[in-house]
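Residues per chain, in single letters:
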Amino acid sequence: MTDAHRPSSEHLDAAALPPRARTVVAALRAAGAEGEVREFDESTHTAAQAAAALGCEVGAIASSLVFRTGDEALLVLTSGAHRVDTDLVASTLGRGPIMRANADQVKRATGQVIGGVAPVGHPSPVRTLVDTALQAHDVLWASAGTANTVFATTFDELVRVTGGTPVRVATDEL
């Protein structure tokens with residue numbers, strides 16, 4: 001791992017971050033996470049944009065996708081290198097159909113907007129699945145609550161701070 005991709009104990013001044021990112025940083029720190037937070041001038045809305053801005057593999061981006069299963073929101077943290085197989089996830093959970101949440105549902109469940117959904121910092125707990133494919137990367141990058149902020153983490157830390165369940169969420173090979 002290069003120094004450019006190693007999480008740092010040096011942090012941006014949280015007061016300089018956008019309000020949503022400050023909420024995420026507070027949740028991370030409360031959970032004992034110390035990974036570096038970065039803010040970019042350009043958007044890191046998609047996994048490809050985030051990977052390009054960070055100079056890392058797209059698979060090291062932990063994309064936050066919100067789905068609905070019945071009346072419950074479901075946050076899936078997946079590798080940016082593949083798509084979530086909703087049939088596989090439904091089968092794994094033993095639940096009925098799983099559908100992508102719309103923009104209003106995402107905002108209600110997470111307090112954040114599509115393209116900036118962080119794994120933490122939500123108004124109330126959201127059931128979370130963490131893609132086991134993310135284990136292939138020493139350092140992961142996830143949204144810090146806005147379309148141009150990200151934070152560094154590891155697979156184990158991501159599972160711990162989200163209270164997530166590690167599962168396979170895609171059938172495509174990485």
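Just so we're clear, the structure is a prediction, and the values are computed from it rather than from any experiment.

Asker: Quick question: what am I supposed to make of the overall build of the protein chain here?
Answerer: Broken down by element type, the protein chain carries five helices and eight strands. When the helices and strands of the protein chain are placed in sequence order, the string is α-β-α-β-β-α-β-α-β-β-β-α-β. Taking 174 residues into account, the globule formula puts the C-alpha radius of gyration at 16 Å, and the protein chain, at 15 Å, falls close to it. With the principal axes as the frame, the protein chain shows a C-alpha extent of 45 × 35 × 30 Å. Here the protein chain holds 174 residues, and 50% of them are scored as buried. With the model as given, the accessible surface of the protein chain reaches about 8,200 Å², and the carbon-plus-sulfur share is 50%. Counting 14 positive and 20 negative side-chain charges, the protein chain places the averaged centre of each group 8 Å from the other.

Asker: Mind showing me how you'd approach helix α3 (residues 86-93) here?
Answerer: Count 3.6 residues to each turn of an α-helix, and residues three or four apart come out pointing the same way. Those residues of α3 that fall on the buried side of the exposure criterion are Val89, Ala90 and Leu93. Buried positions in α3, seen along its axis, are confined to an arc of 100° and lie on one side of it. Residues Asp87 and Ser91 are exposed on α3 and point more than 90 degrees away from its buried face. Residues of α3 that are buried sit in contact with β3 (72-79) and β5 (127-131). A distance of 3.0 Å separates the backbone nitrogen of Asp87 from a side-chain oxygen at the start of α3, and that oxygen is part of Asp85. Backbone geometry just downstream of α3 places Gly94 in the positive-phi region, at approximately 65°.

Asker: When you look at the pattern of salt bridges in this model, what are you seeing that I'm missing?
Answerer: Pairing between side chains of opposite charge can happen when their charged atoms approach one another. Counting across every chain of the model gives three salt bridges. For the salt bridge of Glu72 with Arg127, the shortest nitrogen-to-oxygen distance reads 4.0 Å. Here Arg127 lies in strand β5 and Glu72 lies in strand β3, a separation of 55 residues in the sequence. Since its relative accessible area comes to 26%, Glu72 is described here as partly exposed. Where Glu157 meets Arg160, a salt bridge forms, and the shortest distance between an N and an O atom there is 3.8 Å. Taken as a pair, Glu157 and Arg160 lie in helix α5 (residues 155-162) at a separation of three residues, close to a single helical turn. Classification of Glu157 as buried rests on a relative accessible area of 16%. The network of salt bridges with common partners includes Glu72, Arg95 and Arg127.

Parameters and conventions
- Residues numbered from 1 in each chain as written.
- Predicted model: local features only at pLDDT ≥ 70, side-chain atom pairs only at ≥ 80, totals over all residues.
- Heavy atoms only, no water.
- Helix = DSSP H or I, 4+ residues; strand = E, 2+ residues; numbered from the N terminus.
- Rg over C-alpha atoms; globule rule 2.2 N^0.38 Å.
- Buried < 20%, exposed > 50% of the residue type's maximum accessible area, 1.4 Å probe, protein only.
- Areas by Shrake-Rupley, 256 points an atom, 1.4 Å probe, with all protein chains shown as cover.
- Lys, Arg positive; Asp, Glu negative; His and termini not counted.
- Charge placed at Lys NZ, Arg CZ, Asp CG, Glu CD.
- Arc of directions from axis to C-beta.
- Contact = heavy atoms within 4.5 Å.
- Polar contact = N/O pair within 3.5 Å; in protein donor to acceptor, adjacent residues only side chain to side chain.
- Salt bridge = Lys/Arg side-chain N within 4 Å of Asp/Glu carboxyl O.

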